[in-house]
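# Topology and contacts: notes
So you can see what is in the structure, the chains are spelled out below.
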Amino acid sequence: MVTAGGMAETRTGGGIAADTNRANALNTTHYDVAGTAHRVLGPMTLLDARAAFGVTDHDHRHDAFLVVDRHATVLLETSLRISRGRHDLIAGAAIERESYDSRFLDALDFQYTTPALFAQDQVQFGDRLTLSVSGRVDAHSEYGTFFSPRASLLYRPVDDGSLRLATGGGFFPPTPFTDETEEVGVTSARGFAELQPETARGVSADIAWFSEQAEVNATLFGSVVRDALDVTASDGIAEFSNRAGDTRTWGTELLARYRKEPLLITASHVFLNATEVEPSGERVRVPLTPRHSGGLVASLESHERRRAGIELY
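Scoring rules and cut-offs
Residues numbered from 1 in each chain as written. Predicted model: local features only at pLDDT ≥ 70, side-chain atom pairs only at ≥ 80, totals over all residues. Heavy atoms only, no water. Pairing = 2+ DSSP bridges. Helix = DSSP H or I, 4+ residues; strand = E, 2+ residues; numbered from the N terminus. Axes fitted to C-alpha atoms, helices over the stretch in contact; angles between N-to-C directions. Core = buried A, V, L, I, M, F, W, Y, C linked by side-chain atoms within 4.5 Å. Buried < 20%, exposed > 50% of the residue type's maximum accessible area, 1.4 Å probe, protein only. Contact = heavy atoms within 4.5 Å.

## Digging into the sheet that holds strand β14 (residues 237–242)
- Strands sit in the order β10-β14-β13 across an open sheet of 3 strands; the sheet is mixed. In this open sheet, the two strands that pair with only one neighbour each are β10 (188–190) and β13 (229–234). Strand-to-strand twist across the sheet, computed as the mean angle between neighbouring axes with direction ignored, equals 15°.
- Of the strand pairs in this sheet, β10 and β14 are connected by 3 bridges, and their pairing is parallel. The residue bridging A189 from the neighbouring strand is A238, located in β14.

Below, the structure written as structure tokens:
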């Protein structure tokens, strides 16, 4: 299967400075192509391959200055899946290339090439217990080699319920694509070349119960991010740095769903406690991160005739 797409968009808006009526404008063009292929090599043996390519061009005017850039990505991946007995094995290789070219600000330009090897084994212990273990090794062209492990244990004590424990880790190389830089634009960057990649590890536990009419899922999760990217941007000047100390997050999530035609109700709640370390050494809550959030969606549906609903968040 092969897919291709393209998009062109122009947006304009008023300036926010008191001494100018210059309009802000953003011109965006994007095109991409992707493909997947599958081949059966034998009983319970499948070869998969996929490829993707995309380019995004921006022409963005922020009041008195212009930002012109191009972001391109290429991904090639192949994997072999073999099912034997109680084992479901997947192994493969991938290579990803990501580049960014800013016409007026060379300090933010980068070209990352990352080949990788990965493997996963999902083992079934009877009808009640499933263990999944995986690992991935990425050889980043700029920041070196990283190992990302993951493990998950699923237990079904009853036919209509399950318990799951999961843990894992990973990394993320620094890029200039942040909320701060997208909001104000960048004409001068400081510290980007000295950045280190973020690394993270996390753990989660969830319990689920379901029936023909109802479903409940509760999750407890936590994560630690080291060398988190910190950006301060104003008047076109961006200061990049790695935040000292770990960024720690933990919380709970509850999802409940009830359906009895014509009624469908879905309710959710998330508690989130995220903290980071200020340059002064003080640990504070991460700004703009709500501690509590929730939603309720209810609808009445008559098949192929009418429906009405309400959403509250």
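## Here we look at the pairing of β13
- Bridge count between β13 and β14: 6 bridges; the pairing is antiparallel. Residue L229 lies in a different strand from β14, and its bridge partner there is N242.
- The antiparallel hairpin formed by β13 and β14 contains 2 residues in its connecting segment, where D235 sits at a positive phi of about 55°.

## As for the nonpolar core
- Residues L105, L108, F110, V186, A189, F192 and F240 are the most contacted members of the largest nonpolar core, which totals 15 residues.
- Counting only elements with at least two residues in this core, the list comes to β6 (110–125) and β14.
- If we skip the residues at most four places from it in the chain, F110 touches E98, S99, Y100, T175, P176, F177 and F192.

## Re the pairing of strand β15 (residues 247–260)
- Bridge count between strand β12 (residues 214–226) and β15: 12 bridges; the pairing is antiparallel. Within β15, the residue paired with S223 across the bridge is T249.
- Of the pairings in the sheet, the one linking β15 to strand β16 (residues 263–277) comprises 13 bridges and is antiparallel in character. Residue pairing across strands places T249 opposite A274, the latter belonging to β16.
- Linking β15 to β16, which pair antiparallel, is a turn of 2 residues.

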